[in-house]
Amino acid sequence: MKKGIIGKKIGMTQIFDEKGRAVPVTVVEAGPCAVTQKKTVENDGYAGVQMGYGDVKAQKVLKPMKGHFDKAGTAPKKTLREFRFDDPDAYKVGDLVKADVFAVGDKVDVTATSKGKGYAGVIKRWNFQRLKESHGTGPNARHGGSNGSNSDPSRVFPGMKMAGHLGAERVTVQNLTVAKVDAENNLIAIRGAVPGPNGGIVVIRDSVKAARA
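Structural notes, computed from the coordinates. (Residues numbered from 1 in each chain as written. Predicted model: local features only at pLDDT ≥ 70, side-chain atom pairs only at ≥ 80, totals over all residues. Heavy atoms only, no water.)

### Quick word on the nonpolar core
In step 1: By size, the foremost hydrophobic cluster in this structure holds 26 residues, and its most contacted members are Met51, Val108, Val110, Ile188, Ile190 and Ile204.
In step 2: Going through the elements one at a time, strand E1 (4–16), strand E2 (22–30), strand E3 (33–39), strand E4 (48–55), strand E7 (107–113), strand E10 (170–182), strand E11 (187–191) and strand E12 (201–206) are the ones with two or more residues in this core.
In step 3: Ignoring any residue separated from it by four or fewer positions in sequence, one finds Ile190 in contact with Pro24, Val25, Thr26, Val28, Val108, Val110, Leu176, Thr177, Ala179 and Ile204. (Core = buried A, V, L, I, M, F, W, Y, C linked by side-chain atoms within 4.5 Å. Buried < 20%, exposed > 50% of the residue type's maximum accessible area, 1.4 Å probe, protein only. Helix = DSSP H or I, 4+ residues; strand = E, 2+ residues; numbered from the N terminus. Contact = heavy atoms within 4.5 Å.)

As structure tokens, then:
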């Protein structure tokens, strides 16, 4: 991975390409991100770069974190994320990473926390089919059906698809395309949809699949 940045999902819109076709895009306010720490093999066992995004008032930061930011010489940041770059030595503590680190046509992976939808049944959560609604099926058309046999193994295996909490989990959408970059306003338009609600934190990285190709 050569590039990465933290941002905030603004929402979806559409732009027009050179052929006049409407292209659905997600607009992300990407950066500016400050490099707050460098991880080294000698001290941490691996090489990485920690970045911070979003200013926060100093009085809202705990003393250990305030010392962390003071040591880096940066203002307190609301969100911290780490990146494993191929060349971490290219980054120095205190550097600013802006939206222009990416260019139009770049392939990226976008990671965010998906929308939380609360408790959901098996049809909404796992796309189960409905049961028959005639011939004595009863009021259980949206139930999950059998979870396993009675005598053997006489239990429900872990991981069985059942009703439960839906969403609010880490999701990565791979191999998306950067459609437009507005460096002046720190905006990146990514073709297609990305996880999470508007205003949610997203992390944009070089696409793993594109790097392998």
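More follows now that the structure is in view.
### Here's the deal with the sheet that holds E7
In step 1: Sheet architecture is closed into a barrel: six strands sit in the order E1-E2-E11-E10-E7-E12, paired in antiparallel fashion. Here the average twist between neighbouring strands, direction ignored, is 50 degrees.
In step 2: Across nine bridges, the pairing between E1 and E2 is antiparallel. Residue pairing across strands places Lys8 opposite Glu29, the latter belonging to E2. (Pairing = 2+ DSSP bridges. Axes fitted to C-alpha atoms, helices over the stretch in contact; angles between N-to-C directions.)

### As for the packing of aromatic side chains
In step 1: On inspection of all chains with the given rule, the structure shows two aromatic pairs.
In step 2: Each ring, one from Phe83 and one from Phe85, has its centre 5.5 Å from the other, and the planes form 5 degrees; the classification is stacked.
In step 3: Residue classification places Phe83 among the buried residues on the basis of a relative accessible area of 1%.
In step 4: Ring geometry for Phe85 and Tyr91: centres 4.6 Å apart, planes at 15 degrees, overall stacked.
In step 5: Judged by relative accessible area, which is 6%, Phe85 ranks as buried.
In step 6: Residue Tyr91 is classed as buried on the basis of its relative accessible area of 12%.
In step 7: The structure contains a cluster of three or more aromatic residues connected by ring pairs, namely Phe83, Phe85 and Tyr91. (Phe/Tyr/Trp six-rings, centres within 6.5 Å; stacked < 30°, edge-to-face > 60°.)

### Some points on the sheet that holds strand E5 (residues 77–83)
In step 1: Pairing is antiparallel across the open sheet formed by four strands, whose spatial order is E5-E4-E3-E6. Because the sheet does not close on itself, it has two edges, and the strands there are E5 and strand E6 (96–97).
In step 2: Direction of pairing for E3 relative to E4: antiparallel, over a ladder of five bridges. Within E4, the residue paired with Lys38 across the bridge is Val49.
In step 3: Sheet contacts for helix H2 (residues 63–72): E3, E4 and E5; angle to E3, the most-contacted strand, approximately 95 degrees.

### Quick look at a nonpolar patch on the surface
In step 1: A cluster of nonpolar side chains, namely Val156, Met160 and Met162, defines an oily patch on the protein surface of about 220 Å² accessible area.
In step 2: Looking at where Met162 falls in the secondary structure, it is placed in the loop between helix H3 (122–126) and strand E9 (164–166).
In step 3: Given the relative accessible area of 34%, Met162 is considered partly exposed. (Patch = residues over 30% accessible without salt bridge, like charges linked within 9 Å, V, L, I, M, F, W, Y side chains within 5 Å. Areas by Shrake-Rupley, 256 points an atom, 1.4 Å probe, with all protein chains shown as cover. Salt bridge = Lys/Arg side-chain N within 4 Å of Asp/Glu carboxyl O.)

### Brief notes about H2
In step 1: Buried residues of H2: His68, Phe69 and Ala72, and no others. For H2, the buried positions fall inside an angular range of 90 degrees around the axis, keeping them on one side. Exposed residues lying more than 90 degrees from the buried face of H2 are Lys63 and Lys71.
In step 2: At its buried positions, H2 is contacted by E3, E4 and E5. (Arc of directions from axis to C-beta.)

By themselves, these are just geometric observations and shouldn't be taken as functional.
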